[in-house]
Amino acid sequence: MAVDKIQLDVATPDRLVFSAAVDEVVLPSVEGYMGVRPGHAPLLAQLDVGEISCHVGTETRYLACSGGFAEVLGTTVSVLAETAELAESIDVERARAARERAEERLRAESSEQEFRRAEVSLKKAITRMNVAGRVRG
Ligand code: ATP
(Lines give C-alpha, C1' and ligand atoms only; values in the text may rest on other atoms or scores of the structure.)
Protein backbone atom coordinates (compact mmCIF):
# COMPACT_ATOMS: atom_id res chain seq x y z
CA MET A 1 0.00 0.00 0.00
CA ALA A 2 1.28 3.49 -0.86
CA VAL A 3 2.47 5.46 2.19
CA ASP A 4 0.11 8.31 1.32
CA LYS A 5 -2.90 6.05 1.86
CA ILE A 6 -4.72 4.90 4.98
CA GLN A 7 -5.94 1.35 5.40
CA LEU A 8 -9.49 1.72 6.71
CA ASP A 9 -11.22 -1.31 8.23
CA VAL A 10 -14.75 -0.98 9.56
CA ALA A 11 -15.92 -4.05 11.48
CA THR A 12 -18.84 -4.92 13.74
CA PRO A 13 -18.78 -7.79 16.25
CA ASP A 14 -20.08 -10.14 13.54
CA ARG A 15 -18.52 -8.98 10.24
CA LEU A 16 -16.06 -6.87 8.32
CA VAL A 17 -18.27 -4.22 6.71
CA PHE A 18 -15.72 -2.21 4.72
CA SER A 19 -12.01 -2.40 4.00
CA ALA A 20 -10.10 -0.17 1.60
CA ALA A 21 -7.03 2.00 1.13
CA VAL A 22 -8.25 5.59 1.28
CA ASP A 23 -6.89 9.15 1.21
CA GLU A 24 -8.87 10.49 4.18
CA VAL A 25 -11.42 9.26 6.72
CA VAL A 26 -13.93 11.39 8.64
CA LEU A 27 -15.18 9.78 11.86
CA PRO A 28 -18.13 10.66 14.13
CA SER A 29 -16.24 10.88 17.43
CA VAL A 30 -18.22 11.75 20.57
CA GLU A 31 -16.33 15.05 20.57
CA GLY A 32 -17.38 15.88 17.02
CA TYR A 33 -16.44 14.86 13.50
CA MET A 34 -12.71 14.35 13.04
CA GLY A 35 -10.70 13.96 9.86
CA VAL A 36 -7.80 11.50 9.67
CA ARG A 37 -5.18 11.73 6.94
CA PRO A 38 -1.91 9.84 6.48
CA GLY A 39 0.59 10.88 9.18
CA HIS A 40 -2.09 11.45 11.85
CA ALA A 41 -0.90 10.94 15.43
CA PRO A 42 -1.92 7.66 17.12
CA LEU A 43 -5.33 7.97 18.69
CA LEU A 44 -8.15 6.00 20.27
CA ALA A 45 -11.55 7.66 19.83
CA GLN A 46 -14.99 6.76 21.09
CA LEU A 47 -17.56 6.98 18.31
CA ASP A 48 -21.06 8.41 18.42
CA VAL A 49 -24.02 7.50 16.24
CA GLY A 50 -23.14 9.20 12.97
CA GLU A 51 -21.67 9.05 9.50
CA ILE A 52 -18.27 7.67 8.53
CA SER A 53 -17.02 9.00 5.21
CA CYS A 54 -13.86 8.22 3.33
CA HIS A 55 -12.33 9.71 0.25
CA VAL A 56 -10.48 7.79 -2.44
CA GLY A 57 -9.42 10.07 -5.27
CA THR A 58 -12.58 11.83 -6.41
CA GLU A 59 -14.86 9.17 -4.92
CA THR A 60 -16.45 9.34 -1.47
CA ARG A 61 -17.98 6.35 0.32
CA TYR A 62 -20.38 6.71 3.24
CA LEU A 63 -21.34 4.45 6.13
CA ALA A 64 -23.79 4.82 9.00
CA CYS A 65 -22.37 3.82 12.37
CA SER A 66 -24.05 3.54 15.75
CA GLY A 67 -21.16 4.02 18.15
CA GLY A 68 -18.03 2.07 18.97
CA PHE A 69 -14.32 2.81 18.87
CA ALA A 70 -11.73 3.86 16.30
CA GLU A 71 -8.01 3.28 16.60
CA VAL A 72 -5.62 5.35 14.49
CA LEU A 73 -2.19 3.74 14.43
CA GLY A 74 0.46 4.24 11.75
CA THR A 75 -1.25 4.01 8.37
CA THR A 76 -4.25 2.05 9.70
CA VAL A 77 -7.63 3.19 10.98
CA SER A 78 -9.55 0.34 12.62
CA VAL A 79 -13.17 0.94 13.51
CA LEU A 80 -15.07 -1.49 15.70
CA ALA A 81 -18.65 -0.29 15.52
CA GLU A 82 -21.75 -1.56 17.31
CA THR A 83 -23.47 -1.56 13.90
CA ALA A 84 -22.31 -0.19 10.55
CA GLU A 85 -23.87 -0.18 7.10
CA LEU A 86 -22.60 1.09 3.76
CA ALA A 87 -24.93 3.76 2.36
CA GLU A 88 -25.81 1.51 -0.59
CA SER A 89 -26.98 -1.31 1.69
CA ILE A 90 -29.24 0.73 3.95
CA ASP A 91 -32.90 -0.21 3.82
CA VAL A 92 -34.53 3.23 3.85
CA GLU A 93 -38.05 1.95 4.52
CA ARG A 94 -36.77 0.03 7.55
CA ALA A 95 -35.05 3.17 8.85
CA ARG A 96 -38.21 5.21 8.27
CA ALA A 97 -40.27 2.67 10.23
CA ALA A 98 -37.64 2.70 13.03
CA ARG A 99 -37.84 6.51 13.10
CA GLU A 100 -41.62 6.39 13.44
CA ARG A 101 -41.43 3.86 16.26
CA ALA A 102 -38.82 6.00 18.04
CA GLU A 103 -40.96 9.13 17.66
CA GLU A 104 -43.93 7.23 19.07
CA ARG A 105 -41.86 6.12 22.06
CA LEU A 106 -40.71 9.70 22.65
CA ARG A 107 -44.34 10.87 22.73
CA ALA A 108 -45.35 8.15 25.20
CA GLU A 109 -45.27 8.76 28.93
CA SER A 110 -42.22 6.76 29.93
CA SER A 111 -39.26 6.61 32.25
CA GLU A 112 -36.24 8.80 31.66
CA GLN A 113 -34.29 5.69 30.68
CA GLU A 114 -36.91 4.75 28.05
CA PHE A 115 -36.84 8.31 26.76
CA ARG A 116 -33.04 8.26 26.38
CA ARG A 117 -33.20 4.90 24.56
CA ALA A 118 -35.81 6.27 22.18
CA GLU A 119 -33.62 9.31 21.52
CA VAL A 120 -30.73 7.03 20.52
CA SER A 121 -33.05 4.95 18.29
CA LEU A 122 -34.27 8.14 16.64
CA LYS A 123 -30.71 9.34 16.04
CA LYS A 124 -29.75 5.97 14.52
CA ALA A 125 -32.77 5.98 12.20
CA ILE A 126 -32.21 9.58 11.07
CA THR A 127 -28.50 8.91 10.51
CA ARG A 128 -29.33 5.85 8.36
CA MET A 129 -31.80 7.88 6.30
CA ASN A 130 -29.31 10.73 5.82
CA VAL A 131 -26.44 8.39 4.91
CA ALA A 132 -28.65 6.48 2.46
CA GLY A 133 -29.62 9.85 0.95
CA ARG A 134 -25.95 10.50 0.13
CA VAL A 135 -26.09 7.92 -2.65
CA ARG A 136 -29.76 8.09 -3.57
CA GLY A 137 -30.16 11.82 -4.03
P1 ATP B 1 -34.69 -1.84 13.53
O2 ATP B 1 -35.69 -1.40 14.56
O3 ATP B 1 -35.10 -1.51 12.12
O4 ATP B 1 -34.24 -3.29 13.71
P5 ATP B 1 -32.45 -0.99 15.06
O6 ATP B 1 -31.92 0.39 15.23
O7 ATP B 1 -33.10 -1.65 16.21
O8 ATP B 1 -33.40 -0.94 13.79
P9 ATP B 1 -29.89 -2.16 15.20
O10 ATP B 1 -30.02 -2.91 16.48
O11 ATP B 1 -29.14 -0.88 15.23
O12 ATP B 1 -31.31 -1.94 14.52
O13 ATP B 1 -29.21 -3.11 14.10
C14 ATP B 1 -29.48 -4.49 14.02
C15 ATP B 1 -28.88 -5.02 12.71
O16 ATP B 1 -29.65 -4.55 11.60
C17 ATP B 1 -27.45 -4.52 12.45
O18 ATP B 1 -26.74 -5.53 11.77
C19 ATP B 1 -27.65 -3.32 11.52
O20 ATP B 1 -26.52 -3.11 10.68
C21 ATP B 1 -28.88 -3.74 10.72
N22 ATP B 1 -29.76 -2.61 10.34
C23 ATP B 1 -30.55 -1.89 11.15
N24 ATP B 1 -31.28 -0.99 10.46
C25 ATP B 1 -30.92 -1.14 9.16
C26 ATP B 1 -31.32 -0.52 7.94
N27 ATP B 1 -32.23 0.45 7.92
N28 ATP B 1 -30.75 -0.95 6.79
C29 ATP B 1 -29.84 -1.95 6.79
N30 ATP B 1 -29.42 -2.58 7.91
C31 ATP B 1 -29.95 -2.20 9.08
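This structure is a prediction, so every number in the text was calculated from the model and none was measured.

S.K.: Which residues make up the pairing of strand β6 (residues 59–73), and what values do they have?
M.R.: For strand β5 (residues 43–56) and β6, the ladder comprises 13 bridges, and the chain directions are antiparallel. Residue Leu-47 lies in a different strand from β6, and its bridge partner there is Gly-68. Following β5, the chain reverses through two residues before pairing antiparallel with β6; Gly-57 in that reversal takes a positive phi of roughly 60°. Bridge count between β6 and strand β8 (residues 84–86): three bridges; the pairing is antiparallel. Bridge pairing in β8 links Cys-65 to Ala-84. When β6 meets strand β7 (residues 76–81), the two strands line up antiparallel, connected through six bridges. When the bridges of β7 are listed, Gly-68 appears paired with Ala-81. The turn joining β6 and β7, which pair antiparallel and follow one another in sequence, is formed by two residues; a positive phi near 60° is taken by Gly-74.

Reading guide: rules and limits
Every residue gets a number counted from 1 within its own chain, in the order that chain's sequence is written. Where totals are concerned, whole chains, interfaces and linings use all residues; where local detail is concerned, this predicted model gives features only for residues with pLDDT of at least 70, and gives and counts side-chain atom pairs only at 80 or more. Based on all heavy atoms of the structure, the side-chain values leave hydrogens and waters out of the count. Here, a strand pair is defined by DSSP locating no fewer than two bridges between the strands. Numbering of helices and strands runs from the N terminus; a helix is a DSSP stretch of H or I covering at least four residues, while a strand is a stretch of E covering at least two.

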